[in-house]
Amino acid sequence: SQQGEEDPQALSIQEGENATMNCSYKTSINNLQWYRQNSGRGLVHLILIRSNEREKHSGRLRVTLDTSKKSSSLLITASRAADTASYFCATPLAGNTPLVFGKGTRLSVIA
Amino acid sequence: GAGVSQSPRYKVAKRGQDVALRCDPISGHVSLFWYQQALGQGPEFLTYFQNEAQLDKSGLPSDRFFAERPEGSVSTLKIQRTQQEDSAVYLCASSLLGGLSILGNYNEQFFGPGTRLTVL
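These figures come from a predicted structure and were not determined experimentally.

## A look at the state of the cysteines
Residue and element names in this part refer to chain A. Per the stated rule, a full pass over the model turns up 2 disulfides over all chains. Each sulfur in the disulfide pair Cys23 and Cys89 lies 2.0 Å from the other. Judged by the sign of its S-S torsion, about 70 degrees, the bond between Cys23 and Cys89 is right-handed. One end of the pair, Cys23, is in strand β3 (residues 19-24); the other, Cys89, is in strand β9 (residues 85-92), with 66 residues separating them in the sequence.

Pasting the structure below:
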């Protein structure tokens, strides 16, 4: 079973625009992670936000977390064609135990 | 430093065949995870090792699936009598530390490129 649900399922934008993806989850978490997957580089960890954090930045990425709504968002600013990929949110059940992934958002950035 | 490697990258099997998928984790990583990713879906957990001990195999879909990590390094996922529904990408991940960590502790999982299994 999958804990996270990303929306939208697919998103197509022009290069230079911002892309926002959302994730909702079901159970309590101690952190939430975002991953990117494309055919060239496999599944790559992007950013982690802990349950006691509300916002985190890394380069062109901005992640927010609202534990009261059990939701997170990933914002990619000034998108590039190379950002074309699937993006997944994932939460560990506890500590180092396995990650539970959502179904992902497929982002296409058109040059 | 090499990342997680998996072999083969692609495998085509006839229904009923047995297959073995290999994962070489990052050297020194204690934990190793196997995930199954169906087309258009997110990865789903199969099983987890800490060193050579298989601590959780709750995600294995049937008794046709078997995983081992006999020396606490390389792991093999074996699927017996493959079925068409086994077609998926099988991902391996490793992380440095093992065990249940304290609340808020984080051990990043590093993923391999996956093995794409197609069962005809």
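## Describing unusual backbone geometry
Between Asp7(A) and Pro8(A) the backbone carries a cis peptide bond, its omega angle lying at 0 degrees. If you trace the backbone, Pro8(A) turns up in the loop between β1 (5-7) and β2 (10-14). A cis geometry characterises the amide bond from Ser7(B) onward to Pro8(B), with omega recorded as -10 degrees. The backbone of Lys70(A) sits at a positive phi, close to 50 degrees, despite the residue not being glycine. Looking at the element boundaries, Lys70(A) is found in the loop between β7 (61-66) and β8 (71-76). Phi at Asn51(B) takes a positive value of approximately 55 degrees, unusual for a residue other than glycine. The topology assignment puts Asn51(B) in the loop between β5 (44-50) and β6 (53-56).

## Observations concerning the layout of surface pockets
Size it by volume and the largest pocket reaches roughly 630 Å³. Around the largest pocket, the lining is made up of 26 residues, and of these Gln37(A), Ser39(A), Gln37(B), Val89(B) and Arg116(B) lie nearest the centre. Secondary-structure elements contributing two or more residues to the lining of the largest pocket are β4 (31-38) and β9 of chain A together with β9 (88-95) and β11 (115-119) of chain B. Looking at which element gives the most residues to the lining of the largest pocket, the answer is β11(B), with 4 residues. Its residues placed into classes, the lining of the largest pocket shows 8 nonpolar, 13 polar and 5 charged.

## Focus on the pattern of salt bridges
Applying the stated rule across the entire model yields 5 salt bridges over all chains. Of the charged contacts in the structure, one is a salt bridge between Glu55(A) and Arg62(A), with a shortest N-O distance of 3.1 Å. Look at Glu55(A) and you get partly exposed, because its relative accessible area is 39%. With a closest N to O distance of 3.4 Å, Lys78(B) and Glu68(B) form a salt bridge. Of the two residues, Lys78(B) sits in strand β8 (residues 75-79) while Glu68(B) sits in strand β7 (residues 65-68), which places them 10 residues apart along the sequence. On the basis of relative accessibility, which here comes to 32%, the residue Lys78(B) falls in the partly exposed class.

## Details of the packing of aromatic side chains
Residue and element names in this part refer to chain B. A complete count under the given rule lists 10 aromatic pairs over all chains for this structure. With 4.8 Å between their ring centres and 10 degrees between their planes, Phe33 and Tyr48 make a pair best called stacked. Of the two residues, Phe33 sits in strand β4 (residues 31-37) while Tyr48 sits in strand β5, which places them 15 residues apart along the sequence. Each member of the pair, Phe33 as well as Tyr48, carries the same accessibility label: buried. Relative to Tyr90, the ring of Phe65 lies with its centre 6.5 Å away and its plane at 40 degrees, an arrangement referred to as tilted. Placement of Phe65 in strand β7 and of Tyr90 in strand β9 is noted, with a sequence separation of 25 residues between them.

Reading guide: rules and limits
Residues numbered from 1 in each chain as written. Chains lettered and ligands numbered in written order. Predicted model: local features only at pLDDT ≥ 70, side-chain atom pairs only at ≥ 80, totals over all residues. Heavy atoms only, no water. Disulfide = S-S within 2.5 Å. Helix = DSSP H or I, 4+ residues; strand = E, 2+ residues; numbered from the N terminus. 1 Å grid on protein atoms, 1.4 Å probe; cavity = no way out; pocket = protein on both sides within 12 Å on 5 of 7 lines; lining within 4 Å. Points joined across faces, edges and corners; volume = space filled by probe spheres on them. Nonpolar A, V, L, I, M, F, W, Y, C, P; charged D, E, K, R; others polar. Salt bridge = Lys/Arg side-chain N within 4 Å of Asp/Glu carboxyl O. Buried < 20%, exposed > 50% of the residue type's maximum accessible area, 1.4 Å probe, protein only. Phe/Tyr/Trp six-rings, centres within 6.5 Å; stacked < 30°, edge-to-face > 60°.

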